Amino acid sequence: MTRSWRPVAGLFAASLTALTGTRVSAIAIPWFVLVTTGSVTQTGLVAFCEMAPYVLVKALAGPVVDRMGPRRMSWRADAVSAVAALLIPILHFSGALSFPVLLVLVAVIGAVRGPGDLAKEIMVPEAAELGRIPLERAAGLAGVAERLASTVGPAVAGALVALTGPMVALIANAVCFALGSVIVATVLPKHMGHRPAETGPSAGYWRRFGEGFAFLKNERLMLTITIMVGLTNFLDAAFASLLLPVWAKETGGGPAAIGLATSVMGISAVAGSLIAAMVAHRLPRRLVFFLGFLVIGAPRFLILAVDVPLWAVVAVFAVGGFGSGFLNPIIGAIYFERVPRPILGRVNALSDAVAWSGIPLGGLAAGAAVAATGLVPVLIVCGVAYFLTTTLTGLRPEWKEMRSAPVTGPVEVEPGLPIASGGGDLRPGQEQRTP
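Quick look at the structure, then.

**What about the overall build of the protein chain?**
- Counting its secondary structure elements, the protein chain contains 17 helices and 0 strands.
- The burial tally for the protein chain puts 53% of its 435 residues in the buried class.
- Summed over its atoms, the accessible surface of the protein chain is roughly 17,900 Å², and 72% of this surface lies on carbon and sulfur atoms.

Structure, rendered in structure tokens:
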């Protein structure tokens with residue numbers, strides 16, 4: 001097989017542009033609602049109307065993505081997102097944008113983003129095979145795209161909103177989605193991202209969905225990782241959406257302190273992801289995985305619970321961000337290696353849905369807890385909970401399986417559909433790949 005960097009570069013560029021658009025809209029749309037209505041409730045409703053369809057549709061989209069093929073799903077989903085995002089400023093400038101219409105358009109963006117993001121994720125193993133690079137490296141590059149988007153997107157959105165207003169930022173958002181669609185449709189090789197050929201009768205939607213559910217349920221390592229990440233995501237959401245802002249308000253640091261700490265963490269996370277892309281496949285997975293969680297987890301909560309200078313908080317965030325850059329490459333590599341390619345979409349969709357299920361509840365739970373007990377006790381409890389979740393879970397026997405990259409055994413899928421491991425013929429230690 002001829003080595004080609006075109007699939008990896010194309011997928012990286014498509015993910016970066018589409019994810020940057022997502023980060024821009026995450027700031028521009030809520031700000032637009034807040035300044036035009038003055039209602040915090042309506043602003044929160046807009047955020048909910050984007051994230052709820054995202055999680056729900058992504059959970060249910062796996063069988064459809066596997067059947068349609070990730071390439072076709074990706075460019076079509078990004079194209080629909082671009083149209084929906086562009087309709088917001090068009091309707092606003094024409095005086096036809098009511099709040100219910102805005103909610104519908106935001107829900108459409110969220111709903112199609114779910115399968116669009118999923119489609120790009122499950123093309124990573126194929127891009128790695130074509131590029132003949134380690135899974136950890138390909139997954140690391142995917143992580144770099146996400147971290148860069150999370151760092152650059154808010155900065156771009158903030159500058160555009162401040163200088164030109166939220167509508168111009170939303171036009172930029174639509175352009176990002178459109179570019180992502182064009183890159184997938186034109187830059188990726190024509191033979192990439194197609195669904196496997198069927199030689200027998202195709203299975204129905206619910207049978208396909210059930211196959212993904214059964215596989216995830218029986219994969220002890222993947223199921224444990226998914227549940228653990230779901231718990232940490234719940235705590236991360238509580239931290240980002242409520243505990244950090246309350247800390248900034250009570251200490252007098254304000255938005256500037258939040259911006260400085262999170263920006264430094266984002267930059268260090270990009271650096272960690274870049275290093276992970278280069279060397280993660282040569283490192284002991286289990287050790288690196290739990291060290292990463294150790295530095296990104298409890299220290300962030302506990303440093304805010306004590307009275308220290310801002311530079312100490314920033315230093316802890318920087319170390320944590322660097323460690324977090326190694327996590328997604330390892331998780332992605334494990335998933336891509338263990339899941340048969342024909343069911344990769346539905347398994348990833350279900351695991352993502354479980355991992356994201358606690359995010360909408362994190363801020364609500366933290367708000368109630370802070371109101372009842374105060375900030376410092378909640379920070380300490382959350383920090384201890386994070387430490388126990390990521391450390392004690394690592395003592396379970398299935399974590400020993402992280403050391404190897406087994407090819408999954410036979411799985412009942414559509415008649416005539418070939419079974420292939422996510423990692424193809426490549427194994428850690430060879431020139432190989434992953435997130």
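Still more to cover.
**So, empty space enclosed by the protein**
- Going through the model one piece at a time under the given rule, you end up with 2 cavities of 30 Å³ or more.
- Approximately 30 Å³ is the volume attributed to the second largest cavity.
- Around the second largest cavity sit Tyr54, Val55, Lys58, Asp352, Ala353 and Trp356, which together line it.
- Residue assignment for the lining of the second largest cavity shows that the elements contributing at least two residues are helix H2 (40-68) and helix H15 (344-356).
- For the lining of the second largest cavity, a count of residues per class yields 4 nonpolar, no polar and 2 charged.

**Brief notes about the nonpolar core**
- By size, the foremost hydrophobic cluster in this structure holds 76 residues, and its most contacted members are Leu243 and Phe289.
- At 13 residues, helix H9 (residues 220-251) tops the list of elements feeding residues into this core.
- In terms of nonpolar packing, the next biggest core, distinct from the first, is built from 25 residues, Phe32, Ala85, Leu102 and Val161 among them.

**Here we look at the packing of aromatic side chains**
- Taken as a whole and judged by the stated rule, the model has 6 aromatic pairs.
- Pairing Phe239 with Phe317 gives two aromatic rings, centres 5.9 Å apart and planes at 45 degrees, and the pair type is tilted. Of this pair, Phe239 sits in helix H9 while Phe317 sits in helix H13 (residues 310-324), and the two are 78 residues apart along the sequence.
- Given a relative accessible area of 0%, Phe317 falls into the buried group.

**Some thoughts on the pattern of salt bridges**
- Counting across every chain of the model gives 4 salt bridges.
- Residues Glu219 and Arg338 are paired through a salt bridge, measuring 2.9 Å at the closest nitrogen-oxygen approach. Of this pair, Glu219 sits in the loop between helix H8 (205-218) and H9 while Arg338 is found in helix H14 (residues 327-338), placing the two residues 119 residues apart along the sequence. Residues Glu219 and Arg338 agree in their burial class; the two are buried.
- The partner of Asp236 in a salt bridge is Arg300, with the nearest N and O atoms 2.6 Å apart. Linking Asp236 in helix H9 with Arg300 in helix H12 (residues 298-304), this pair joins segments that are 64 residues apart in sequence.

Cut-offs applied
- Residues numbered from 1 in each chain as written.
- Predicted model: local features only at pLDDT ≥ 70, side-chain atom pairs only at ≥ 80, totals over all residues.
- Heavy atoms only, no water.
- Helix = DSSP H or I, 4+ residues; strand = E, 2+ residues; numbered from the N terminus.
- Buried < 20%, exposed > 50% of the residue type's maximum accessible area, 1.4 Å probe, protein only.
- Areas by Shrake-Rupley, 256 points an atom, 1.4 Å probe, with all protein chains shown as cover.
- 1 Å grid on protein atoms, 1.4 Å probe; cavity = no way out; pocket = protein on both sides within 12 Å on 5 of 7 lines; lining within 4 Å.
- Points joined across faces, edges and corners; volume = space filled by probe spheres on them.
- Nonpolar A, V, L, I, M, F, W, Y, C, P; charged D, E, K, R; others polar.
- Core = buried A, V, L, I, M, F, W, Y, C linked by side-chain atoms within 4.5 Å.
- Phe/Tyr/Trp six-rings, centres within 6.5 Å; stacked < 30°, edge-to-face > 60°.
- Salt bridge = Lys/Arg side-chain N within 4 Å of Asp/Glu carboxyl O.

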